[in-house]
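# Coordinate inspection notes
Listed below, chain by chain, are the residues.
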Amino acid sequence: MSQTDNEFQSGKQIYQIGDFIVSRARKLLFRQGKLLEPEARIIVLLDTLAEYYPQTVSRRILMDRIWPNQVISDAALAQLIRRCRKLLGDDGKSSRYIKTIHGVGFRLQLPPVQLEGEIDRYLEQTPLDTPGQPVEPEPTLSERFPAGVKLGMLPIFNDSQDDANDWVEMGLTEMVEQLLHPNPRIQLLESKAMQPYLDDLTVQSLLSPDEPVNQQGESLCQMFGLDLLVVAALQRDFLPRVLNFRIINRQGGYPLTRLEAPDVVDIANQLANQLIQFIDPAHPWRVDVRNTYTANRKANRAYGNGVQELACSEYATAEKYFRIALDLEPDFPWASSKLAASLYFQHRIDEAQSGLQRLLEFEDLDPAIAYDAQHTQANLLYSTGQLKESMQASARLLELTRQQDETLLQGNELMNIGTCHQALGQDDQAIDYLQQALEIYTGLGFKPGVGKVQTNLANVYHSLARYQKAYAHYETAEMIFNQVGDQLLEAMAQFERAVILRSLQQIREARKLLLKVEPVFERCNDTEGVFLVKIELANLDIELQRYPTAIEQLQALLPQLEEQQLAYPAFMVRQYLARCHLNLHQPAQAEGYLQQDSDYRGDDIKLQLLDAHLAYENRQLEKAAELASEIRDQAGSRWLPSHQTLLEGYQTARQNNQWTELLF
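Notes on the structure follow. (Residues numbered from 1 in each chain as written. Predicted model: local features only at pLDDT ≥ 70, side-chain atom pairs only at ≥ 80, totals over all residues. Heavy atoms only, no water.)

### Observations regarding the sheet that holds strand β8 (residues 113-115)
Within a sheet, each strand pairs with its neighbour through backbone hydrogen bonds, oriented either parallel or antiparallel. The five strands lie next to each other as β4-β3-β2-β1-β8, forming an open sheet whose pairing is antiparallel. Two strands bound the open sheet, and with one partner strand each, they are β4 (34-35) and β8. As paired strands, strand β3 (residues 28-31) and β4 are joined by two bridges and run antiparallel to one another. By the bridge assignment for β4, Phe30 is matched with Leu35. Sheet contacts for helix α2 (residues 40-52): β1 (14-17), β2 (20-23) and β3; angle to β2, the most-contacted strand, approximately 100 degrees. (Pairing = 2+ DSSP bridges. Helix = DSSP H or I, 4+ residues; strand = E, 2+ residues; numbered from the N terminus. Contact = heavy atoms within 4.5 Å. Axes fitted to C-alpha atoms, helices over the stretch in contact; angles between N-to-C directions.)

Structure (structure tokens):
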């Protein structure tokens, strides 16, 4: 070590490198008097580079200094160097502060200048005259996001061993979200919209001081179209309760913040108020769970447990918790709304509908609660086949979201309205609403929404036999679901592409894609998906007119589907079996399959035409032509050339009073 190095090592505890002042003792870093609060390892890194200046420091020395008595990979050091460079403003090209000496290690580029006295005397002073460009003050959040901050909150990770805290993941998270909702500076993406694309490891790594948050934070913010992301964890069983949280943006993460409170519910208040103070410091206000929910702490906790169970699809248990909350506090609108949702998911439609009607009759009902209740009502109407009524409910919700400037929710309602139009066979209107939803999701950068609406658009074009258009939308959806890590939805988009390839008579390519998709469904434990692949493989044999082979495959699947109580796939198998027997001129066998589950046919014209073809195979030529004509008159734009070919065949046979072979 050089003489310079020895002098620095035994010198004062404060030194300056370029625009930055380092306090070795307090492990702090300042730029132009502003505290940056880096992680402690960055200070150790800078200290080591400063001590060895102007020499190059090997990777081994740095790793021994920064992680003493630990086995650490080179990747960990490389990540720490990247975080340090980003903090110092190095762009990686000019390397003003830290230079990589390939094959050797790293070297500090500017000399460390030791300073006298205490750190406080330097905080308000202009830095020493050093080479480089002057540092511009960072813009405030209000300057960076004048229209408001798009904020998302990951489900709070429960690191507690206390079973009483099992509800915090979704229950406590929702409490914080409801406290943030009224702030006009915050555009909130609820955690339940992000939960399907996350895991516990994501949350833990983002909270770890040893892990880089730059790349992960940027990726998550881009995935969900966010400016800021909040990640938090309730710590192991400390008293008072302790929660650590971090705010993340597309450039990295702010330092960890520790909150303490005597009770978990109190932490919701603290976290919400901290976030509001951070985002809107010029207009801070105090929020409290008691004003959003109730003043009854036990009722709030029961409600939080119900939200957690609802998110885990434990609907009966959720119902019990919501009823406990309402017993403790009868005037608890949020609990009434969620109770109706839990009843709806248990298919107790009348009870759910009655509860929603009573709730919506309340005067001065909070808009957020009104939206939640009406959204459940729209779903209820859709599930009971009241499509026009469901569409009208979604239209009211769309107007409500526009009044409240809830852009993401507007996209959700537009997609719901488009789906209703599609189910009603109103394809032009469906495409119009789905395109509007796509524009909103794309503008927000909310990739899961973009993927889902692309899938819905593909479904509409597929039903219109506009195969190239549908194929392109499925491909786009597949790409997006791959980006967000949703293997199941990606596989479903691939499956639909295979169906289109079969319709285009590209049998080999369709089979290849189906065989690729099947193991993905198996890994995702999607039993119905696995069966749909097997059914579609049999369908390929039908297209090749290998009817006995297809019948053998389908008959083997049918008892398995009935045992698994998979009603819709079992229905499809019966329809395909009927088609095979009709094409083999075996109407009696076909009729046995067609007598079941006709309600599942929906707006699928080809399935509706099976009855007409059965009449034709039974030599009922006039009936066949009449049935097909009725279906044509109702089909609208979904009546395709292949359907017309069948109808014309029936009409010709009726006119000539002569049956001829027509393959279905």
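### Section: the sheet that holds strand β6 (residues 98-101)
The sheet built from three strands is open, its strands ordered β5-β7-β6 with antiparallel pairing. The sheet is open, and its two edges are formed by β5 (57-58) and β6, each paired on a single side. Across the sheet, α2 lies against β5, β6 and β7 (105-108), angled at about 75 degrees from β7, the strand it touches most.

### Some words on unusual backbone geometry
Between Tyr53 and the following residue, Pro54, the backbone shows a cis peptide bond with an omega angle of 5 degrees. Along the chain, Pro54 turns up in the loop between α2 and β5. Within the chain, Asn525 stands out as a residue other than glycine whose phi angle is a positive 55 degrees. Residue placement: Asn525 occurs in the loop between α23 (507-523) and α24 (527-543). Classification of Asn525 as exposed rests on a relative accessible area of 67%. (Buried < 20%, exposed > 50% of the residue type's maximum accessible area, 1.4 Å probe, protein only.)

### A look at the nonpolar core
Among the nonpolar cores identified, the biggest contains 65 residues, and Leu154, Met194, Phe224, Leu229 and Tyr441 are the most heavily contacted of them. Ignoring anything within four residues of it in the chain, the contact list for Phe224 reads Leu189, Ala193, Met194, Tyr197, Leu198, Leu444, Gly445, Phe446 and Pro448. (Core = buried A, V, L, I, M, F, W, Y, C linked by side-chain atoms within 4.5 Å.)

### Examining the side chain of Asn273
One can find Asn273 in helix α10 (residues 264-279). Setting aside residues no more than four positions away along its own chain, Asn273 makes contact with Trp285, Arg286 and Val287.

### Quick word on helix α28 (residues 605-617)
A rise of 1.5 Å per residue sets the reference length of α28, with its 13 residues, at 18 Å; its end C-alpha atoms lie 18 Å apart and thus fit the reference within 8%. Maximum bend of α28: about 30 degrees, positioned at Asp611. In terms of burial, α28 is largely enclosed, as ten of its 13 residues are buried. Within the span of α28, buried status applies to Ile605, Leu607, Leu609, Leu610, Ala612, His613, Leu614, Ala615, Tyr616 and Glu617. Elements that come into contact with the buried residues of α28 comprise α26 (567-583), α27 (587-594), α29 (621-635) and α30 (641-656). (Expected span 1.5 Å × (residues − 1). Bend = angle between axes of the 7 residues up to and from the residue.)

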